[in-house]
Amino acid sequence: MSESAAKARVLELLDQVGIRDAESRLNAYPHQLSGGQRQRVMIAMALANEPDLFIADEPTTALDVTVQAQILKLLADLQKQTGMALLFITHDLGIVRKFAKRVCVMTGGRIVEQGLTETIFTAPQHAYTRHLLAAEPKGDPPRSNLASPVVMEAKELRVWFPIRRGLLRRIVGYIKAVDGIDVTVREGQTLGVVGESGSGKTTLGLALMRLISSDGRIVFLGKDIAGRNFKEMRPLRSDMQIVFQDPYGSLSPRMSVGDIVGEGLKVHLPRLSAAERDAKVETALVEVGLDPSTAHRYPHEFSGGQRQRIAVARAMVLEPKFVMLDEPTSALDMSVQAQVVDLLRDLQRRRNLAYLFISHDLKVVRALANDIVVMRAGKVVESGPAATVFDAPKTDYTKALMAAAFEIAAAPEGVVAE
């Protein structure tokens, strides 16, 4: 295949998996793409040679519901065209019911139940299957209170990444990841940020935390922090913490759980004695539902849900006022998702925490968020109280987002995977 033909094929594959303006992305590195965009590139790689067997291991985990629908349709179309066999591995039961012909349910390394999809969903026989089907985030967020103090606020926030081309790497344009956004997060409240992959959700959060450069006004706990440098931000870091998306990649495999949770205490509270630090670590582990006697163990000895609890403990041990939660449940199965949502809601209620909750899982957002910001291509297309946005969306994009979320969870329309 010639270089030009190979480039054309790459562009075709990237377009198939939903990468916008694919040609401008050819020279981009993985760290310059969103999590969803990286997942799409991986899918394009797997499809490049038109395989006979396609093993899709959580292929939609990092994708928003509209792109999930696109990817599922793409896989179904490719299967019909090529006749390839498809083994689809996922923790998203809504996708399973929509997409699969047959289902195998596993726990503890064993298949405990298998059969036709509709039979499994309507008449599960095994207790674990029934537990999985019953597990989904439930409950409501704390009641909204507009009189609560503002913890984090931004006005006309912008993050533009330059596009450089040519021998001299001159700027020829900008990727407007965040383009003039206003947000407010109050004490004891949760602001949910939703939108398709690459819409700027995580970039917005990182800009609010002053982890990337931005333009516009950012006020945290009444202080204007937009112009502060790294050194000036350090005294505020203990009050703003992050729980990352991937519980497998965000914890150092070379550090024990006790060291991971206590690391921030060494940085921000260096005057604590070793005994005082250990006591705070133990309290944090208990608070997230982990046995403090496991503090000497390493991350690989814990399940995904337990690792995410460790990540939450690491953030909470410093008693922050504001926590950014970046897709904290996307890598977890349904039953563990529900547990983590309950944990986050309980911690918020007891500590009066302000959350910025970034997610493409609208069921989880509905269980946690008081208010919602819907983003697309770096802009806010709709915002307001969560109940209003969910029940009466105004823009076509928000309506499509909601429809895609609940359509995926609907009854199966066909049989395309096994």
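Shown above is the structure to which this text applies.
Residues numbered from 1 in each chain as written. Predicted model: local features only at pLDDT ≥ 70, side-chain atom pairs only at ≥ 80, totals over all residues. Heavy atoms only, no water.

1. A few points about the packing of aromatic side chains
Stage number 1. In the structure shown here, the tally under the stated rule is three aromatic pairs.
Stage number 2. Summarising the aromatic geometry, the rings of Trp 160 and Tyr 174 are spaced 5.6 Å apart at their centres and angled 50 degrees between planes, so their arrangement reads as tilted. Taken together, the positions of Trp 160 in strand 5 (residues 150-165) and Tyr 174 in strand 6 (residues 170-186) put the pair 14 residues apart, joining distant regions of the chain.
Stage number 3. With relative accessibility at 30%, the residue Trp 160 sits in the partly exposed group.
Stage number 4. Look at Tyr 174 and you get partly exposed, because its relative accessible area is 42%.
Stage number 5. Above the ring of Trp 160, the side-chain terminus of Arg 158 is found at 4.3 Å from the ring centroid. (Phe/Tyr/Trp six-rings, centres within 6.5 Å; stacked < 30°, edge-to-face > 60°. Helix = DSSP H or I, 4+ residues; strand = E, 2+ residues; numbered from the N terminus. Buried < 20%, exposed > 50% of the residue type's maximum accessible area, 1.4 Å probe, protein only. Lys NZ or Arg CZ within 6 Å of the ring centre and 35° of its normal.)

2. Re the sheet that holds strand 14 (residues 379-385)
Stage number 1. The mixed open sheet is built from six strands, whose spatial order is 10-11-12-7-13-14. Only two strands of the sheet have a single partner each, and these edge strands are strand 10 (240-243) and strand 14. Pairs of neighbouring strands in the sheet enclose a mean axial angle of 15 degrees, with direction left out of account.
Stage number 2. When strand 10 meets strand 11 (residues 322-326), the two strands line up parallel, connected through four bridges. The residue of strand 11 that forms the bridge with Gln 241 is Val 323.
Stage number 3. Its contacts with the sheet place helix 8 (residues 201-208) against strand 7 (190-195), strand 11, strand 12 (354-358) and strand 13 (371-376), and it is angled at close to 150 degrees to strand 12.
Stage number 4. In the packing of helix 12 (residues 304-316) onto the sheet, contacts are made with strand 10, strand 11 and strand 12, and the angle to strand 10 comes to roughly 175 degrees. (Pairing = 2+ DSSP bridges. Axes fitted to C-alpha atoms, helices over the stretch in contact; angles between N-to-C directions. Contact = heavy atoms within 4.5 Å.)

3. Side note on the environment of Leu 269
Stage number 1. Relative to the helices and strands, Leu 269 resides in the loop between helix 10 (257-268) and helix 11 (274-287).
Stage number 2. For Leu 269, a relative accessible area of 38% puts it in the partly exposed group.
Stage number 3. Considering only alpha carbons, one finds Leu 269 and Leu 318, 49 residues apart in sequence, at a separation of 8.8 Å.

4. Notes on helix 10
Stage number 1. Within helix 10, the full set of buried residues consists of Val 257, Gly 258, Ile 260, Val 261, Gly 262, Gly 264 and Leu 265.
Stage number 2. Taken together, the buried residues of helix 10 touch helix 11 and helix 12.

5. Observations concerning the nonpolar core
Stage number 1. Counting 52 residues, the largest nonpolar core has Val 261, Leu 285, Ile 310, Val 312, Leu 344, Tyr 355 and Ile 372 as the members making the most contacts within it.
Stage number 2. Beyond its immediate sequence surroundings of up to four residues, Leu 285 is in contact with Val 257, Val 261, Leu 290, Pro 292, Ala 295 and Ala 313.
Stage number 3. Residues Met 152, Ala 207, Ala 226 and Phe 322 belong to the second largest nonpolar core, which totals 30 residues. (Core = buried A, V, L, I, M, F, W, Y, C linked by side-chain atoms within 4.5 Å.)

6. Describing the environment of Arg 158
Stage number 1. Following the sequence through the fold, Arg 158 ends up in strand 5.
Stage number 2. Residue classification places Arg 158 among the partly exposed residues on the basis of a relative accessible area of 29%.

7. Re the packing of helix 12 against helix 13 (residues 334-351)
Packed helix pairs are specified by the crossing angle of their axes together with the interaxial distance, meaning the distance between the axes.
Stage number 1. It is at 10 Å that the axes of helix 12 and helix 13 come closest, and there the two elements cross at 15 degrees. Judged by the inter-axis angle, helix 12 sits roughly parallel to helix 13. The two elements helix 12 and helix 13 cross, and the hand of that crossing is right-handed. Between helix 12 and helix 13, the residues in contact are Gly 305, Arg 309, Val 312 and Met 316 and Val 336, Gln 339, Leu 343, Leu 344, Leu 347 and Arg 351, respectively. (Parallel < 35°, antiparallel > 145°, perpendicular 65-115°, else oblique. Left-handed = near helix turned anticlockwise from the far one by under 90°.)

8. Considerations on the pattern of salt bridges
When charged atoms on two side chains of opposite charge get close, those side chains can pair.
Stage number 1. The final tally for this structure, using the stated rule, is 18 salt bridges.
Stage number 2. A salt bridge links Arg 297 to Glu 301; the shortest N-O distance between them is 3.8 Å.
Stage number 3. By relative accessible area, which is 26% here, Arg 297 ends up partly exposed.
Stage number 4. For Asp 391, the salt bridge identified is with Arg 366, shortest N-O distance 2.6 Å. Of the two residues, Asp 391 sits in helix 15 (residues 386-391) while Arg 366 sits in helix 14 (residues 362-368), which places them 25 residues apart along the sequence. (Salt bridge = Lys/Arg side-chain N within 4 Å of Asp/Glu carboxyl O.)

9. As for the side chain of Arg 237
Stage number 1. The topology assignment puts Arg 237 in the loop between helix 9 (230-233) and strand 10.
Stage number 2. Buried within the structure, Arg 237 lacks any salt-bridge partner; its nearest side chain of opposite charge belongs to Glu 232, at an N-O separation of 10 Å.
Stage number 3. A distance of 2.4 Å separates a polar atom in the side chain of Arg 237 from the backbone oxygen of Met 209.
Stage number 4. Among all residues touching Arg 237, those that are not within four sequence positions of it are Met 209, Arg 210, Leu 211 and His 268. (Lys, Arg positive; Asp, Glu negative; His and termini not counted. Polar contact = N/O pair within 3.5 Å; in protein donor to acceptor, adjacent residues only side chain to side chain.)

10. Focus on the pairing of strand 7
Stage number 1. Taken across its six residues, strand 7 has six buried, putting it largely inside the fold.
Stage number 2. Across the two faces of strand 7 the burial is the same, with Thr 190, Gly 192 and Val 194 and Leu 191, Val 193 and Gly 195 all buried.
Stage number 3. Looking at chain direction, strand 7 and strand 12 are connected through four bridges and run parallel. Residue pairing across strands places Leu 191 opposite Leu 356, the latter belonging to strand 12.
Stage number 4. Pairing of strand 7 with strand 13 involves five bridges; the strand directions are parallel. Bridged to Gly 195 within strand 13 is Met 375.

Structural measurements only, silent on function.
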